[in-house]
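A look at the structure
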Amino acid sequence: MELENIFGKTLLELTEMVVASGLPKFRGRQIAEWMYKKGVRDFSQMKNLPRELRERLANEWVISRPNKVDELNSADGKTSKFLLEFSDGVGVEAVLMRQPYGNSICISSQAGCNMGCAFCASTLHGMVRNLTAGEMLAQTFYINDRLREIGEKVDTIVIMGSGEPLTNYDNVLKYIRLLHEDYCLGMSYRSITLSTSGIVPNIYRLAAEEIPINLSISLHAPENNLRSMLMPINKKYPMDDVVKAGEDYGNATHRRVTYEYILIDGVNDNIKQAQELVELLKGQLASVNLIPINPVAERGWNRPSSERINAFEGYLSRHHITVTVRREMGKDIQAACGQLRNRHLK
Ligand code: SF4
């Protein structure tokens, strides 16, 4: 008989499971707290459960978390990338970035991705499968445990690794709610950011959930033809609809929406395009995060010069768009999502 993995179950689900096994309700919370708050993976360590019960649970359930199969650390010590493998052999990447404001981690929501963005390594082998809430939580716990060893913790989470989180909606929402629960990590919703390529119906759905997480939308171009070339999903959900959904999200949650914009030399970084971007976002509760691209040799794409980056940033800023330029982190360890996993797939 295959044992059921309970890592990623909510308190409600655990309570229903214990009640169905003829146990009192309060055992559900005890198990949740051992598993999430104390990080226990073995029922024998759940000391306030009777010994017979611990043995019985170990015969029915398992607390399964992934193994680390590879790790890369940047020379400056600020970025660490982990390849984690689940029990079915599927591997995903999770990244720790030591930012001035704390420990930020980047979590994958799918193994691979089928969105086909032209600049992204995660999509090269398509999507293997969605990750469960427990598998996303297990990535978080893996890094949090590593940090706990040195007296630190995960401070902020971005769901921005491999995968399009809004096409794995229910699992991602369950993961976000679990992060917030008092019996789990008790994280504030404001410390969580979800990044999407622009799955319009699910942006509206997310806005109605009443969980004020930060939303980040990959825009990368200020007009439809170029955006469709960079991001094929634009043919299904065109740019204006995406920005309108982003505006709705900002109005509903009072959170500033961030538009991600990869800067590619000679492709989307001229001043006319900066003008179009200003027109598109004028008057919105929004900011733009410019990300100078890591060169993509197969496509002949290069990072713009500092002058071009500064000119683009300066134009947005002078026209009252809040703008940041992403600092490069972990360039020496292939920080772009999907590259470590692809190396193992080869
Ligand atoms: S950028 Fe994100 S949505 Fe696009 S292919 Fe990569 S992982 Fe998928």
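Residues numbered from 1 in each chain as written. Predicted model: local features only at pLDDT ≥ 70, side-chain atom pairs only at ≥ 80, totals over all residues. Heavy atoms only, no water.

Bringing the overall build of the chain into the picture now. Along the backbone of the chain there are eleven helices and 14 strands. Computed over its C-alpha atoms, the radius of gyration of the chain comes to 21 Å, within 12% of the 20 Å expected for a compact globule of 346 residues. Seen through its C-alpha atoms, the chain measures out along the principal axes to roughly 70 × 40 × 35 Å. Within the chain, contacts between residues separated by at least 24 positions form 65% of all contacts whose residues are at least 6 apart in sequence. On the chain, roughly 15,600 Å² of surface is accessible, and the fraction owed to carbon and sulfur atoms is 48%. Averaging the positions of the 42 positive and the 41 negative side-chain charges in the chain gives two centres separated by 2 Å. (Helix = DSSP H or I, 4+ residues; strand = E, 2+ residues; numbered from the N terminus. Rg over C-alpha atoms; globule rule 2.2 N^0.38 Å. Contact = heavy atoms within 4.5 Å. Areas by Shrake-Rupley, 256 points an atom, 1.4 Å probe, with all protein chains shown as cover. Lys, Arg positive; Asp, Glu negative; His and termini not counted. Charge placed at Lys NZ, Arg CZ, Asp CG, Glu CD.)

Our next topic: the domain arrangement of the chain. What the domain assignment lists for the chain is domain 1 (4-62) and domain 2 (67-345). For domain 1 versus domain 2, the separation of C-alpha centres amounts to 34 Å. Across the boundary between the two partners, domain 1 contributes 15 residues, which contact eleven residues of domain 2. Between domain 1 and domain 2 lies a buried interface of about 1,000 Å² when both sides are counted; carbon and sulfur atoms form 59% of it. (Domains from an automatic or database assignment. Buried area = accessible area lost by both parts, 1.4 Å probe.)

The immediate surroundings of the ligand are formed by Cys113, Met115, Gly116, Cys117, Phe119, Cys120, Ser122, Thr123, Gly161 and Gly163. In terms of residue class, the shell around the ligand is built from five nonpolar, five polar and no charged. (Near = heavy atom within 4 Å. Nonpolar A, V, L, I, M, F, W, Y, C, P; charged D, E, K, R; others polar.)

A word on the pairing of strand β4 (residues 79-85). Here β4 lies mainly inside the structure; six of its seven residues are buried. Taken together, the six bridges between strand β3 (residues 67-73) and β4 define a ladder with antiparallel strand orientation. Each residue of the ladder has a partner; that of Asn73, found in β4, is Ser80. Two successive antiparallel strands, β3 and β4, enclose a turn made up of five residues, where Gly77 displays a positive phi of approximately 75°. In this structure, the hairpin formed by β4 and strand β5 (residues 91-99) is closed by a connection of five residues, where Gly89 is found at a positive phi of approximately 90°. (Buried < 20%, exposed > 50% of the residue type's maximum accessible area, 1.4 Å probe, protein only. Pairing = 2+ DSSP bridges.)

In the structure shown here, the tally under the stated rule is 22 salt bridges. Put simply, Lys9 and Glu4 hold a salt bridge, and the shortest N to O gap is 3.0 Å. By relative accessible area, which is 18% here, Lys9 ends up buried. Close ionic contact of Lys272 with Glu276 constitutes a salt bridge, the shortest N to O distance being 3.0 Å. Of this pair, Lys272 and Glu276 both sit in helix α9 (residues 271-281), four residues apart, which is roughly one turn of that helix. The exposure class of Lys272 is exposed, given its relative accessible area of 54%. On the basis of relative accessible area, Glu276 is assigned to the partly exposed category, the value being 24%. A cluster of three or more residues bridged by salt bridges with shared partners is formed by Arg29, Glu33 and Asp182. (Salt bridge = Lys/Arg side-chain N within 4 Å of Asp/Glu carboxyl O.)

This part takes up the sheet that holds strand β9 (residues 156-159). Here ten strands make up an open sheet; going across it, the order is β3-β4-β5-β6-β9-β10-β11-β12-β13-β14 and the pairing mixed. Sheet topology places β3 and β14 (322-325) at the edges, where each strand pairs with a single neighbour. Each strand axis lies, on average, 20° off the axis of its neighbour in the sheet, ignoring direction. Both strand β12 (residues 257-263) and strand β13 (residues 286-292) contribute to a ladder of seven bridges, which runs parallel. The residue of β13 that forms the bridge with Leu263 is Pro292. (Axes fitted to C-alpha atoms, helices over the stretch in contact; angles between N-to-C directions.)

Now for the packing of helix α5 (residues 169-180) against helix α6 (residues 200-207). Running from amino to carboxyl end, α5 crosses α6 at an angle of 30°, the nearest separation of the two axes being 12 Å. Judged by the angle between their axes, α5 and α6 are roughly parallel. Seen along the crossing, α5 lies across α6 with a hand that is right-handed. Listed contacts from α6 to Tyr169, Asp170 and Leu173 of α5 are Asn202, Arg205 and Leu206. Residues of the contact of α5 with α6, tallied by class, amount to three nonpolar, one polar and two charged. (Parallel < 35°, antiparallel > 145°, perpendicular 65-115°, else oblique. Left-handed = near helix turned anticlockwise from the far one by under 90°.)

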